[in-house]
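Spelled out, the chains give:
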Amino acid sequence: MTAILDIDLNAIAANWRTLAATHPGATAGVIKANAYGLGATHVAPKLLAAGCRHFFVAHLSEALAIRNFVPDAMLAVLNGLLAEEVPEYSAHGILPVLGSLPEIALWRAEAQRLEHPLPALLHFDTGISRLGIPPAEFTALRDDPSLLAGITVQFVMTHLVSAEIPHDPINQAQLSRFAAIRAAFPNVPASIANSSGMFLGPEFGLNLTRPGAALYGINPKPGSQNPMQPVVRLSARIMQVQNLAPGGTVGYNGIWKAQRPSRIAVLSVGYADGYLRSLSNTATAMFNGRRIPLVGRVSMDLTTFDITDTPAEVGDMLDLIGPGHDADALAKEAGTNGYEILTSLSRRYQRRYAGLPTS
Ligand SMILES: *Cc1c(COP(=O)(O)O)cnc(C)c1O
């Protein structure tokens, strides 16, 4: 094995419980993009065992892949309903998150065809201008209830633009726009908060929260102490050590040059593994609590670190993500966010799960 990705399912479950304890409503688990790269078929049953009864994915294919792992839970698809996929939703008890009048019409027609009511969520746009029923369509819906004939609305929801920036006035603006929408659906439970939204105040809790990133250890409060437990550790073996004389360069284009006699550790990890090329000459790894600089370009399958000041040898493992250097820290070095780091994690890594549910 050249690189190991350790994923702690117990920590994911603990993070879900921590989040669930922050508000009186229900707490979903967002497991789109293969549970942010960590393995939806492992994460979903673990969350189910922790008490989670509401799951969100982005694509129908993702819902089909885990339907049997969370048999009695609500399983909803965020990214919109396609006409040709409608029968698969109803056949597998998967709920569409309806974000436009045409999507609502598709689901209404399916309920008519089956001659029984069908459940769904309604997603309203309150400022993100991405997915969601736009304000003009909301008015049409409010004024003509027959548009929802045969549809049991389980939740009305909206999505925050800037939840991780608490002082951004858009948060309160969206809350009040959503209040006006909720008033048109007085008996329907409502949902607004993603991970960071759960930390904006109790008024954002409503009936259902939708955390994703925080479950996986990403800090929902950037700039403050991370309230979540770490979930992933990525370590890679030193395949070879190169001894450089002063003036020697490392990697493509020689963008790093030794200023002194140097020892360079070569790891079998590269940008094809989601270890981003923008980390070239800037990232760090950890070895026995010491910080080690990445030197030279990250290439497709290889990366190089300066271990001149560290007694590391061939066969030792360096932590690319781990204690003292979490996914958010690596993201900062790459100029991205922890979400992109996790969802880019390679399928070539050997994955090791702690806390697999025993069956
Ligand atoms: C991805 C997503 C979430 C989860 O967001 P996090 O920031 O990862 O907690 C919640 N709601 C919607 C609509 C999403 O697309």
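Not measured: the values here are computed from a predicted model. (Residues numbered from 1 in each chain as written. Predicted model: local features only at pLDDT ≥ 70, side-chain atom pairs only at ≥ 80, totals over all residues. Heavy atoms only, no water.)

**Q** What's the story with the environment of valine 161 in this structure? I'm lost.
**A** Mapped onto the elements of the fold, valine 161 is located in the loop between strand S8 (151–157) and helix H8 (170–183). In this structure the C-alpha to C-alpha distance between valine 161 and alanine 26, which are 135 residues apart in sequence, comes to 22 Å. Dropping the residues within four chain positions of it, valine 161 is found in contact with Gly127, Ile128, Ile170 and Gln174. (Helix = DSSP H or I, 4+ residues; strand = E, 2+ residues; numbered from the N terminus. Contact = heavy atoms within 4.5 Å.)

**Q** What should I look at first to understand the site of the ligand in this one?
**A** Among the 13 residues in the neighbourhood of the ligand, the closest are listed as Lys32, Tyr36, Ser195, Ala213 and Tyr339. In the model, an oxygen atom of the ligand is placed 2.7 Å from a nitrogen or oxygen of the lysine 32 side chain. The separation between a nitrogen atom of the ligand and a polar side-chain atom of histidine 159 is 3.4 Å. Here the ligand, which alone exposes 390 Å², has 93% of that area covered by the protein. In the shell around the ligand, the residues fall into 7 nonpolar, 4 polar and 2 charged. (Near = heavy atom within 4 Å. Polar contact = N/O pair within 3.5 Å; in protein donor to acceptor, adjacent residues only side chain to side chain. Areas by Shrake-Rupley, 256 points an atom, 1.4 Å probe, with all protein chains shown as cover. Nonpolar A, V, L, I, M, F, W, Y, C, P; charged D, E, K, R; others polar.)

**Q** Honestly, the nonpolar core in this entry has me stumped. Any pointers?
**A** Within soluble globular proteins, side chains that are nonpolar generally end up buried alongside one another. By size, the foremost hydrophobic cluster in this structure holds 113 residues, and its most contacted members are Ile12, Ile31, Phe56, Leu122, Phe185, Tyr216 and Tyr275. Broken down by element, the residue count for this core peaks at 7 residues, all from helix H1 (residues 9–20). Not counting residues within four places of it along the chain, the set of residues in contact with phenylalanine 185 comprises Leu122, Phe124, Phe138, Leu141, Leu148 and Val156. Of all hydrophobic cores here, the second largest spans 6 residues; its members include Leu244, Trp256, Ala258 and Ile264. (Core = buried A, V, L, I, M, F, W, Y, C linked by side-chain atoms within 4.5 Å. Buried < 20%, exposed > 50% of the residue type's maximum accessible area, 1.4 Å probe, protein only.)

**Q** Is there a simple way to think about the domain arrangement of the protein in this case?
**A** Interfaces are often sized by the accessible area lost when the parts come together. As far as domains go, the protein holds domain 1 (9–215) and domain 2 (232–354). On a C-alpha basis, the centres of domain 1 and domain 2 stand 38 Å from each other. With 9 residues of domain 1 at the contact, the number on the domain 2 side is 8 residues. Between domain 1 and domain 2, the buried area comes to about 800 Å², and carbon and sulfur atoms account for 62% of it. (Domains from an automatic or database assignment. Buried area = accessible area lost by both parts, 1.4 Å probe.)

**Q** Honestly, unusual backbone geometry in this entry has me stumped. Any pointers?
**A** Excluding glycine, residues mostly carry a negative phi; peptide bonds, for their part, are mostly trans. In this structure, alanine 33 takes a positive phi of about 50° despite not being glycine. Among the secondary structure elements, alanine 33 is positioned in helix H2 (residues 32–36). Among the residues examined, alanine 33 registers a relative accessible area of 37% and is labelled partly exposed. In this structure, alanine 35 is a non-glycine residue whose phi angle is positive, near 55°. Relative to the elements of secondary structure, alanine 35 occurs in helix H2. Residue classification places alanine 35 among the buried positions, given a relative accessible area of 0%.

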